[in-house]
Amino acid sequence: MNAALQFEGIDKSFGNVPVLRDVSFTVGAGRTLGLVGENGAGKSTLMNILGGNLRSDAGKMVLEDRPYEPAHPKDASRAGVAFIHQELNLFTNLSIAENLFVTGLPRTAGFLINRHSLHQRAAKLLEQVGLDLRPETKVENLSLGERQLVEIARALSFDARLIIFDEPTTSLSVRETEVLFSLMARLHDRGISMIYISHILEHVRRRCDDIVILRDGQVVGEGEAIEFSTARLVSLMVGREMNQLYPTRKKAAASTPALEVERVNEPGIVRDISFTLHHGEVLGIAGLMGAGRSELARILFGLDRYSSGEIRANGKPLIRSGPRQRIKHGMAFLTEDRRHEGLCLDASIADNLMLVALRDYTRSPLRLVQSGRCRQSIDRLREEVLLSPRAHDKQPAKTLSGGNQQKVVLAKWLLARPSVLILDEPTRGVDVGAKFELYRIILELADAGTAVLVISSEIEELTGICDRILVMSQGKVHAELNRDKFDRERLLAAALPREART
Amino acid sequence: MRRRALYFALRQAPALLFVAVAAILSILSPKFFSLSNALNLVVQSAPIAVVAVGMTFVLLTAGVDLSVGAIMFAGGALAAKLLLAGHSVALALLVMVGCGVFMGVINGFLIVRARLAPFIVTLAMLFVWRGFALWVTETRAMNLPDWFIQFGTARLVGVPVPVVVFASVFFLAHMALTRTPFGRQLYAIGNNVENARKAGLPLNWLLFAVYAISGLCAAIGGILALTQLGSVSPKFGENYEFKAIAAAVLGGTSLFGGRGAVWPGTLLGVLLIQMLESGLVMLNADPYLYPIVTAAVILFAVLLDTSRQAILEQRSRRRIYHDAERT
């Protein structure tokens, strides 16, 4: 088998967390290779290395028998490697033709663009991708599926010989997906090599010649697509040993509802979401990237609107506006983006810890802050969450490590004791030791009666700390499992999007 | 579909606003709707028009140039000095144009090379060049010889010279923006800088050129203003940055970049502002009212721009699932 691209022993770590370990595999010339793996398995990192956005720590790549070391995305496209991302790289205010040739617009003798030749060349490319549109149509008037085809036409315009599709069907309709697949088949016939990344395993099995499975940054399986059943792919993707310890709960959840969600809908984002979160309960929301989990959290906290349904906090209906009302009802939300939204980076550790509860530490009538009482609470908190003893109270929060930062973010809620706490990816980018402490804080809050909603891409973590898990996929809750029914394969199977329903 | 209709209305807002204001003024003042007044309007607005063209280039890249008024002043002061010292008109004008380009290049250098925010760079340069010009003129008004003003009223085959300049600048700018690779790439930058960088567009060069063009246009606008005023006073060129930005935005050019045009957009915007000002004069409105009315119209234009942007963002929001009926 001739090779279009070979990965040989690729290693990559961020900080001291290894993301890729000795990754080696080959994309055969003219073949389509499916790359599958859970969130965080290392697919994106590998593709970033291939695309020249990142450099590997060790190992090498060979593109068509020549060493390939892209230092910049430009190097990748010059070498004939093109990426079709979920987020498209088109200029929406320009026409299709202008987008296709933006760096090399054909000119007449003078300075002016030769529109005739531009549109002729564009039309030829559009025909190749089967897009029946006039080249002067503005991209902003195209559907997402059509835009994707334009992007593929652009890849063809600079003679791409290896095209990487990264979750290309996530925002496509069923028909658009079929159009894309028949185009991929035509490209395949023309001898163009492809890497296809998707969570929809049926698609991968149908579209690809070969499959490579990544888990925890390592290749755990590879072979021809016909060798793999969907069930086998799932078990290869998951098959990780439990290697994390979890703290234990001291109290069981109460049966009084803290947050009730009834048939919440927002077209195109979430549909028919209903669940009840009880006081003292830890409820997990599992799902793959783009399943609508973070979007749901934003809706629950009043940051985004929803078109129908009802949300009640402690029995009181929340009208459809803003987070202020939610906060008054005792709700709190920790976003995915800890550094920008959860923490005042330049403020001191002490100030960050006191941020939410400060009102309770003031004395009337002037509402001056009682610094003595504050200091006591800060000391107590620091001890409780085992914050790095080397860090000084007055030190700015940004000087802490990721794990310690997140401890500060969570610890401040120990003082405020919210009745509903929504956590979006609370342990992302946190090392194993700190994770345990974070779990302890979360469970301690639950023991004290806080209702906790945890969104996480790590299924293992959810099975470790949750009383109950909801699994979301394509904007909908697809499964609900109680603690005694937790099963990683079942969870992942429910999280994978079905081949689009018709 | 109602949203689509609203978006269409927002896109046509400059033209609708222009027609509305013209109609109202025509009803209120019978003198307003006449050929001579229309021509007057064009002549009077020529300096701002040319500056606003340069500003449109800058705004398209999501930048801003606050130094245009100061560049007019600094170039004008040097030109006046040369003229009064007995040098030729050609030399004076050449120096003024050269100054404009040079000062634009300095803006571009600081923005591209030193990676400073356009807002800060050009705000600082506003004070630098204004200070420089005050120093050159010793804060006195410099009156140009009478024969110089005649350039402003001269005619070329029956058309006033300022109108000829006005029209040529607009024609060249329009061609550059719509028909040259340079122009189309400016739109690309304004749409998404990150994509433009990834696509390998010559980002630095393009931004450099944009600020140089803005400086050049400021200088040409300054020359037109000189021929109309006949003197360089310490207030020369003041508020031009504001009016130029206002004209461009009124004409539908977005402050967020990537959207807008000199024809018909900026042209409509310039005429709209001039029309408002001279309309208020004709109606004998309280002079203190002028800035308030102008500011209100500009705020309105920015409001339109922002709601247009919001609709665009909503339309391109990523969807998580697709309804069966959409397939």
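The rules behind the values
Residues numbered from 1 in each chain as written. Chains lettered and ligands numbered in written order. Predicted model: local features only at pLDDT ≥ 70, side-chain atom pairs only at ≥ 80, totals over all residues. Heavy atoms only, no water. Helix = DSSP H or I, 4+ residues; strand = E, 2+ residues; numbered from the N terminus. Buried < 20%, exposed > 50% of the residue type's maximum accessible area, 1.4 Å probe, protein only. Polar contact = N/O pair within 3.5 Å; in protein donor to acceptor, adjacent residues only side chain to side chain. Salt bridge = Lys/Arg side-chain N within 4 Å of Asp/Glu carboxyl O. Domains from an automatic or database assignment. Contact = heavy atoms within 4.5 Å. Buried area = accessible area lost by both parts, 1.4 Å probe. Nonpolar A, V, L, I, M, F, W, Y, C, P; charged D, E, K, R; others polar. Core = buried A, V, L, I, M, F, W, Y, C linked by side-chain atoms within 4.5 Å.

Attention shifts here to the side chain of Gln370(A). Residue and element names in this part refer to chain A. One can find Gln370 in the loop between β18 (368–369) and α13 (371–385). For Gln370, a relative accessible area of 16% puts it in the buried group. Of the polar contacts made by the side chain of Gln370, one reaches the side chain of Arg373; its length is 2.6 Å.

All chains considered together, the criterion is met by 26 salt bridges over all chains. For Glu140(A), the salt bridge identified is with Arg259(B), shortest N-O distance 3.0 Å. Placement of the pair is Glu140(A) in the loop between α4 (115–128) and α5 (144–157) and Arg259(B) in the loop between α12 (240–250) and α13 (262–282), with the two residues belonging to separate chains. For the pair Glu140(A) and Arg259(B), one class covers both residues: buried. A salt bridge links Arg312(A) to Glu260(A); the shortest N-O distance between them is 3.3 Å. Residue Arg312(A) is located in strand β14 (residues 308–313), and its partner Glu260(A) is located in strand β11 (residues 257–266); the two are separated by 52 residues in the primary sequence. By the burial criterion, Arg312(A) is buried, and Glu260(A) matches it. Shared partners join several salt bridges into a network, and the residues in it are Glu260(A), Glu262(A), Glu310(A) and Arg312(A).

Turning to the domain arrangement of chain A, a few remarks are in order. Residue and element names in this part refer to chain A. Assigned domains of chain A: these are domain 1 (3–238) and domain 2 (257–495). Each of domain 1 and domain 2 was reduced to a C-alpha centroid, and the two centroids are 36 Å apart. Of the residues lining the interface, 7 residues belong to domain 1; the matching set on domain 2 comes to 8 residues. Note on domain 1 versus domain 2: buried area summed over both sides is about 810 Å², and carbon and sulfur give 64% of it. In terms of surface lost to domain 2, no three residues of domain 1 exceed Glu38, Asn39 and Val238, which account for 58% of the buried area on that side. Between domain 1 and domain 2 we count 0 salt bridges in total. Where domain 1 touches domain 2, the interface holds 0 residue pairs in polar contact (both at pLDDT 80 or more). Its residues assigned to classes, the side of domain 1 that touches domain 2 shows 3 nonpolar, 3 polar and 1 charged.

Next up on the list: the nonpolar core. Grouped burial of nonpolar side chains is what soluble globular proteins tend to show. Residues and elements named next belong to chain A. Ranked by internal contacts, the top residues of the largest apolar core, which has 104 residues, are Ile152, Ile163, Phe165 and Leu187. It is helix α15 (residues 432–447) that provides the largest number of residues to this core, a total of 8 residues. The residues that make up this core include at least three from each of domain 1 (3–238) and domain 2 (257–495). Those residues in contact with Ile152 that sit more than four places away from it in its chain are Ile84, Val129, Phe165, Leu180, Leu183 and Leu187.

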